[in-house]
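Tertiary structure, described
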Amino acid sequence: MPSPLSKHWSLEPTRIFLNHGSFGACPDFVIAEQRKWQEQMESEPVRFFEDEMPMLLKKAREVLADFLSCSSEDLALVPNATTGVNTVLRSLVFSEDDEILVPDHAYQACRNAIDFVAKRWGATVVTVPIPFPIDGPQTVIDLMLNAATEKTKLVMIDTVTSPTGLRMPFEELTQLFEARGIEVLLDAAHGIGMIPLNLDELGASYVTSNCHKWLCAPKGTAFLHVRQDKQHKIQPLTISHGHTFPLGTTTRFRHEFDWTGTQDISGWCALPKVISGMEDMIEGGWDTIIQHNHHLAIEGRNLICKTLGIEAPCPDSMIACISTLQLPGEQLPFEIMHEPDPLHEILSSKYNIQVPVWSWPSPAGRYLRISAQLYNTIEQYQVLADALKYELNLE
């Protein structure tokens, strides 16, 4: 049932793992690469951090920059996209007249950060309701642009929404907002390795993305891209030696982000091998990986929709390699969002399927989200579809 490419992962062989989107999953060669760097770090820690680390991080940034079509000097390595979002939000200065624009499909952790910062400065958060199901990307563009005012200072946009799995028209939105002088914070947690990203061409003020999801890098590896003209405004969450270190030939942005304290940098050190190793895993490299996962997500979604007798909630153009479906039947109380959904537990324990099920308030509903990675097959989605049909009493 698993794909022949599943041999590269150490996932439980009897587990149907359809949840790559939550935390990713490392191929075996990535785990080995990270351990190599951990062993090197622990063999002589002083030499590693003082002599070797600067060039290792520089190499990781250069490889990322090549993959993302941007300058390595505009990249900071951070643990996760939530940290990247917080870094930007907590660096910026707002006033009581300012508005921060955000769609209601935003990842809750990042929405929490927006609310926290807005309350601190007295700014206003404008939430834009996005329908789900949705007809197409133009609906998002129209709703977001119509919600912007002269007071809008920042807009946070997802590349792909976490709760509803929609590929947002972020390229068009970024261009339109930045042309108006409104800064764009692109939450690309589902970004690198999932969809093509050309950051210089995109032109967003700020972009952050997790490498541990669709790039299949070790956990705790992400990046923050800050456009060069915005770097003077952004500081890391942890102020350390770089805040006052003599500049020399580099920038304050580089000094501050390259050292925020002692931490395990092995995940970032592994990035060059991650990118090249995944590239070599399948003929056609990353372009083929992205297209394969995109088509499998659509095929899996359509199979489940047909089995359950429901309509696809969005056009294929708004799918990357995750897809969310609203489940038929009665909606559970909203409080279930903070507890394991009973259906999730049944699918896990009875059918050995790992897939997220939860309730979401906006738009209100009970949802299931599938992911598609190289180790998945269409047969696995059929097992899920049949289990859902039985457990939801749709026989």
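As a reminder, the structure under discussion sits directly above these lines.
To start, this report covers the structure provided alongside it. Quantities reported herein were computed from a predicted structural model and do not represent experimental measurements.

Structural notes on the overall build of the protein
From N to C terminus, the protein includes 14 helices and 12 strands. A globule of 395 residues ought to have a C-alpha radius of gyration of about 21 Å, and the protein, at 21 Å, matches this closely. Considered along the principal axes of its C-alpha atoms, the protein spans approximately 70 × 55 × 35 Å. Contacts in the protein between residues at least 24 apart in sequence constitute 71% of all its contacts with a sequence separation of at least 6. Of the accessible surface of the protein, which amounts to about 17000 Å², a share of 51% is contributed by carbon and sulfur atoms. Positive and negative side-chain charges in the protein, numbering 30 and 50 respectively, have mean positions lying 2 Å apart.

Side note on helix H2 (residues 28-43)
Look at H2: 23 Å from first C-alpha to last across 16 residues, which is about the 22 Å you get at 1.5 Å a residue. Considering only its buried residues, H2 is in contact with helix H3 (45-68), helix H10 (266-269) and helix H11 (271-281).

A word on the sheet that holds strand S8 (residues 222-226)
Strand order in the open sheet made by the seven strands is S2-S8-S7-S6-S5-S3-S4, with mixed pairing throughout. Pairing within the sheet leaves two strands with one partner each, and these edge strands are strand S2 (75-78) and strand S4 (124-128). In this sheet, adjacent strand axes meet at a mean angle of 20° when their direction is disregarded. Strand direction decides the pairing type here: strand S6 (residues 183-187) and strand S7 (residues 206-210), joined by three bridges, are parallel. Pairing of Leu186 across the sheet is with Val207, part of S7. Across the sheet, helix H7 (residues 170-179) lies against strand S3 (99-103), strand S5 (152-158) and S6, angled at about 170° from S5, the strand it touches most.

Quick look at the side chain of Arg167
Looking at where Arg167 falls in the secondary structure, it is placed in the loop between S5 and H7. Relative accessible area serves as the criterion here: at 18%, Arg167 is assigned to the buried category. Only 2.7 Å separates the side chain of Arg167 from the side chain of Glu171, close enough to count as a polar contact. Here Arg167 is in contact with Thr159, Val160, Ile195, Ser317, Met318, Ile319 and Ala320, once residues within four sequence places are set aside.

What about unusual backbone geometry?
Note: most peptide bonds trans; most residues except glycine with negative phi. A cis geometry characterises the amide bond from Phe132 onward to Pro133, with omega recorded as 10°. Positive phi values are uncommon outside glycine, yet Asn352 reaches one of about 60°. Its place among the elements puts Asn352 in the loop between helix H13 (342-351) and strand S10 (353-354). Positive phi values are uncommon outside glycine, yet Asn393 reaches one of about 60°. Tracing the sequence through the fold places Asn393 in the segment after helix H14 (378-391).

Thresholds, definitions, all that
- Residues numbered from 1 in each chain as written.
- Predicted model: local features only at pLDDT ≥ 70, side-chain atom pairs only at ≥ 80, totals over all residues.
- Heavy atoms only, no water.
- Helix = DSSP H or I, 4+ residues; strand = E, 2+ residues; numbered from the N terminus.
- Rg over C-alpha atoms; globule rule 2.2 N^0.38 Å.
- Contact = heavy atoms within 4.5 Å.
- Areas by Shrake-Rupley, 256 points an atom, 1.4 Å probe, with all protein chains shown as cover.
- Lys, Arg positive; Asp, Glu negative; His and termini not counted.
- Charge placed at Lys NZ, Arg CZ, Asp CG, Glu CD.
- Expected span 1.5 Å × (residues − 1).
- Pairing = 2+ DSSP bridges.
- Axes fitted to C-alpha atoms, helices over the stretch in contact; angles between N-to-C directions.
- Buried < 20%, exposed > 50% of the residue type's maximum accessible area, 1.4 Å probe, protein only.
- Polar contact = N/O pair within 3.5 Å; in protein donor to acceptor, adjacent residues only side chain to side chain.

Everything listed here is a matter of geometry and, on its own, says nothing about what the molecule does.
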